[in-house]
Amino acid sequence: MRNDRINSIPKKLSNKHSSFLGRRMVDDMRERANERIALIAIQRSLKIRGMSLSGGNRITTSKISLLRILTFCLIMSAAVLMPMSVCQAQEDTVRIGVQSDMPDYMTLQQWEMTTEYLSQEIPGHSFEIIPLSYDEMLIAADNGDVDIVVCSPVLEVALEYKYGASAIATRMNNWQGESYQIHGAVVITRADRDDINDLSDLKGRSFAATPENSFAWRIVQRLMMNEGIDPYTDLKSELGHSHRAVIDAVINGDVDAGAVRVGTLEQMVLEGTLDIDNIKGIHLYRMNMDDGESDTRFHIIGGQVIKGVPFIHSTSLYPEWAFTRLPYTNVDLAGNVAKTLHTMPVSSAIDQDDRYAGWGTPLSYQPVHKLMQELQIGPYEHYGEVSLVDAVSKYWYIPLLLIFIILLMMIYLRKLTSLNQELKSESSRRKQAEQTLKKYADELEYSNETKDIFTDIMRHDLLNPINIINGFTDLLLGTETDESKRHKLENIKLSNEQLIEMIKNASKFSKLDATESIQLETTDIGSLMEKAAYNLKHESTTKQMDIKLPVGGPYTASANSIIVDVFVNLLSNAIKYSPAGSRITTDVLDAGDMWKVTVTDAGEGIADEDKTLIFERFKRVHKKSIKGSGLGLAIVKRIIDCMAEMWV
């Protein structure tokens, strides 16, 4: 079986020829694959009829035209002359594509016993081998020209990635009676190279390995890159050697170090082809030798031994070659093939290489996927790269979201602009309103100043002549005996007293109206009510009325002594509007954090629709020739607003 190969196409072609060369290359590979598949079919047909092509060698490119004509004639002849039984057998033929770079006759010979065993164990089916290269295998799978594939781990991953293929068996190799299904590599140097003890010591040194496209080299490449070493720039890499040639180059000192597939060293020692007589150095792996000795010729760099793995290795381990079912292959057929392979004796495939130990349960090829992704090879050549089409296809919602956000921003900006204009307009209106308010405030302040001046004039300049008039009226009443004149003088005195009361109340209300708050102090409400009743004793006695004051106490509250005016006004109104000889009852009730003061009289009361008017200035509901200015309750309401709450 050949070395594992990873065929690649150059990443860059000239703009002028890239498209044409790409199509021409694919067409040529497809044409060669079809010709080889047809040739294998002809060989199989002729073999059935006892005929063969000379030598079984590959057909040279100079004979392609003649081969096409000969192929067509032979196929037509075989189809016409072949018995029906043979035709029926061909219809049930299972085509196994084998990845190989050996001559076709060698591949056919190597797999002959396996196909015969499968044909014998699975009735109704005839198995034939079609040798194909890596690229030819992909074309054959794409055309449906093969049913089952025997391939390297790299090709198995490519078929999984592109077509959804799946492994049905993984190759087992033999080592001293034990089977294993792993693939890996070991990095070696001469034991006398004390200057090379770790992978980092390889930088700037010569390094030998298998061909660049071999799986063994890719395994080593991944190891190096994971250790921060670029094998193409940090090492003087010499690629393209066989595993045994790499070992010879290290022994002879032609290179500083090298890498080979796991098991190669052990096999050469076992064969006796690896001289260990004059070797010094450190040996990090153990191997059962016939003479009980250990091979100490090589210093294994980064070597490790894992339970169940019979070989020393420096890299991660990967699955071996695979029998792979393509997605269009019958599931029952693939299952029968897998079952037959698992039970097939090694003696039934003695034409395989010496390491062959059969086919076992398929391993997971995810480690190979990971390797190819990191190295960006095979189907993962552009892994991690995102084209514009891929980005739009995968993240289509992001442009839509961005467009939606932009539209929202445009709407928001438009709305913001409109709001900004409205704010500017509103700001202009507010500025005008502020100017108007300032004008009104100035006018109001001027009006208040004028009112204060007028109040002062009333309080000082008007009260003086009125008091003089009141004094002369009292003097005349004391000397006048004529009843008619006395009646007129009493009317003058009554009107004069009303005028004095109005001036005092107006002055008091003006001061209260300009007052925003009144300073409070701790006082007894009961004593204030007694003081108010005492001030009105003359009026209550004149009407033979009894004022019942609250009992108990004290009734401590935060108030101002001006509240006496409130009690005086309320009691005065009760006296004025109650019939003579009636009782006025006052009380102080506990209302939580406040005192509730009540004044109850025997008057007619006030209608509900008039209750909202009695606290307005110059509003009198019941006049009845009872003197008053119309400001008393307005003053009371203003005093209470500064300290508490009042209602009727």
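Report on the accompanying structure. (Residues numbered from 1 in each chain as written. Predicted model: local features only at pLDDT ≥ 70, side-chain atom pairs only at ≥ 80, totals over all residues. Heavy atoms only, no water.)

What follows is about the pairing of strand β14 (residues 356-360). With five of five residues buried, β14 lies mostly within the body of the structure. Examined bridge by bridge, strand β4 (residues 166-175) and β14 share three bridges and lie antiparallel to one another. By the bridge assignment for β14, Thr-170 is matched with Gly-360. (Buried < 20%, exposed > 50% of the residue type's maximum accessible area, 1.4 Å probe, protein only. Helix = DSSP H or I, 4+ residues; strand = E, 2+ residues; numbered from the N terminus. Pairing = 2+ DSSP bridges.)

With six bridges connecting them, strand β18 (residues 583-590) and strand β19 (residues 595-600) associate as antiparallel partners. Across the sheet, the residue bridging to Leu-589 is Lys-596, located in β19. If you look at the hairpin formed by β18 and β19, you'll find four residues sitting between the two strands, and Gly-592 has a positive phi there, around 80°.

Turning to the side chain of Thr-523, a few remarks are in order. Relative to the helices and strands, Thr-523 is located in strand β15 (residues 521-524). Sequence-distant contacts of Thr-523, that is, excluding residues within four places in its chain, are made with Leu-528, Tyr-555, Thr-556, Ala-557 and Ala-559. (Contact = heavy atoms within 4.5 Å.)

This part takes up the packing of helix α15 (residues 525-535) against helix α17 (residues 563-577). Packing of α15 against α17 brings their axes to within 9 Å, and their N-to-C directions diverge by 50°. With respect to their mutual orientation, α15 and α17 come out oblique. As α15 runs across α17, the sense of the crossing is right-handed. Every residue of α17 that contacts α15 at Ile-525, Leu-528, Met-529, Lys-531, Ala-532, Ala-533 and Asn-535 is listed here: Ile-563, Val-564, Phe-567, Val-568 and Leu-571. For the contact of α15 with α17, the residue count by class is ten nonpolar, one polar and one charged. (Axes fitted to C-alpha atoms, helices over the stretch in contact; angles between N-to-C directions. Parallel < 35°, antiparallel > 145°, perpendicular 65-115°, else oblique. Left-handed = near helix turned anticlockwise from the far one by under 90°. Nonpolar A, V, L, I, M, F, W, Y, C, P; charged D, E, K, R; others polar.)

To continue, consider the packing of helix α7 (residues 215-226) against helix α11 (residues 366-375). It is at 10 Å that the axes of α7 and α11 come closest, and there the two elements cross at 65°. Judged by the angle between their axes, α7 and α11 are roughly perpendicular. In the crossing of α7 with α11, the sense of the turn from one axis to the other is left-handed. Each of Phe-215, Arg-218, Ile-219, Gln-221, Arg-222, Met-225 and Asn-226 in α7 lies in contact with α11, whose residues at this interface are Pro-367, Val-368, Lys-370, Leu-371, Glu-374 and Leu-375.

Below, the discussion takes up the environment of Ser-495. Assignment of secondary structure puts Ser-495 in helix α14 (residues 483-513). Here Ser-495 falls in the partly exposed class, since its relative accessible area comes to 44%. Note: C-alpha distance between Ser-495 and Asn-470 (25 residues apart in sequence) is 9.7 Å.

On to the packing of aromatic side chains, then. Taken as a whole, this structure holds eleven aromatic pairs when the rule is applied. A ring pair is formed by Trp-111 and Phe-323, whose centres lie 6.2 Å apart and whose planes are at 70°; its orientation type is edge-to-face. On the criterion of sequence distance, the pair formed by Trp-111 in helix α4 (residues 104-121) and Phe-323 in strand β13 (residues 322-325) is long-range, its members being 212 residues apart. One exposure class covers both Trp-111 and Phe-323, and it is buried. Ring centres of Tyr-380 and Tyr-383 lie 5.7 Å apart, and the angle between their planes is 85°; on these two criteria the pair is classed as edge-to-face. By relative accessible area, Tyr-383 is classed as partly exposed at 40%. Counting every residue linked through ring pairs, the aromatic cluster contains Trp-111, Phe-323 and Trp-359. (Phe/Tyr/Trp six-rings, centres within 6.5 Å; stacked < 30°, edge-to-face > 60°.)

Once that is clear, we can look at unusual backbone geometry. Even without glycine at this site, Gln-376 takes up a positive phi of about 55°. Checked against the element boundaries, Gln-376 lands in the loop between α11 and α12 (388-394). Here the phi dihedral of Gln-544 falls at roughly 55°; this positive angle occurs in a residue that is not glycine. In this fold, Gln-544 is placed in the loop between α16 (537-542) and β16 (546-548).

Each strand in a sheet pairs with its neighbour through backbone hydrogen bonds, running either in the same direction (parallel) or in the opposite one (antiparallel). Strand order across the open sheet formed by three strands is β16-β18-β19, with mixed pairing between neighbours. Two strands close off the open sheet at either side, each with one partner strand: β16 and β19. For this sheet, the mean angle separating the axes of adjacent strands, direction not counted, is 10°. Here β16 runs beside β18; their pairing, made up of three bridges, is parallel. The partner of Lys-548 across the bridge, within β18, is Thr-585.

Another point: the nonpolar core. Soluble globular proteins tend to bury their nonpolar side chains together. Residues Leu-155, Leu-159, Leu-202, Phe-207, Met-224, Leu-371 and Met-372 are the most contacted members of the largest nonpolar core, which totals 45 residues. Breaking this core down by element, the ones donating at least two residues are β2 (126-132), α5 (134-143), β3 (148-151), α6 (153-163), β7 (185-190), α7, β10 (257-261) and α11. Counting 23 residues, the second-largest nonpolar core is a separate cluster that includes Ala-533, Ala-557, Leu-571 and Ala-574. (Core = buried A, V, L, I, M, F, W, Y, C linked by side-chain atoms within 4.5 Å.)

Moving on: the pattern of salt bridges. Across all of its chains, the model carries twelve salt bridges by this definition. For Asp-256, the salt bridge goes to Arg-193, with nearest N and O atoms at 2.9 Å. With Asp-256 in the loop between α8 (243-251) and β10 and Arg-193 in the loop between β7 and β8 (206-208), this pair connects stretches of sequence that are 63 residues apart. When the shortest N-O distance is used, the salt bridge between Asp-546 and Arg-583 registers 3.3 Å. Within this pair, whereas Asp-546 is found in strand β16, its partner Arg-583 is found in strand β18, the two being separated by 37 residues in sequence. Because the salt bridges share partners, they merge into one network encompassing Arg-193, Asp-195, Arg-205 and Asp-256. (Salt bridge = Lys/Arg side-chain N within 4 Å of Asp/Glu carboxyl O.)

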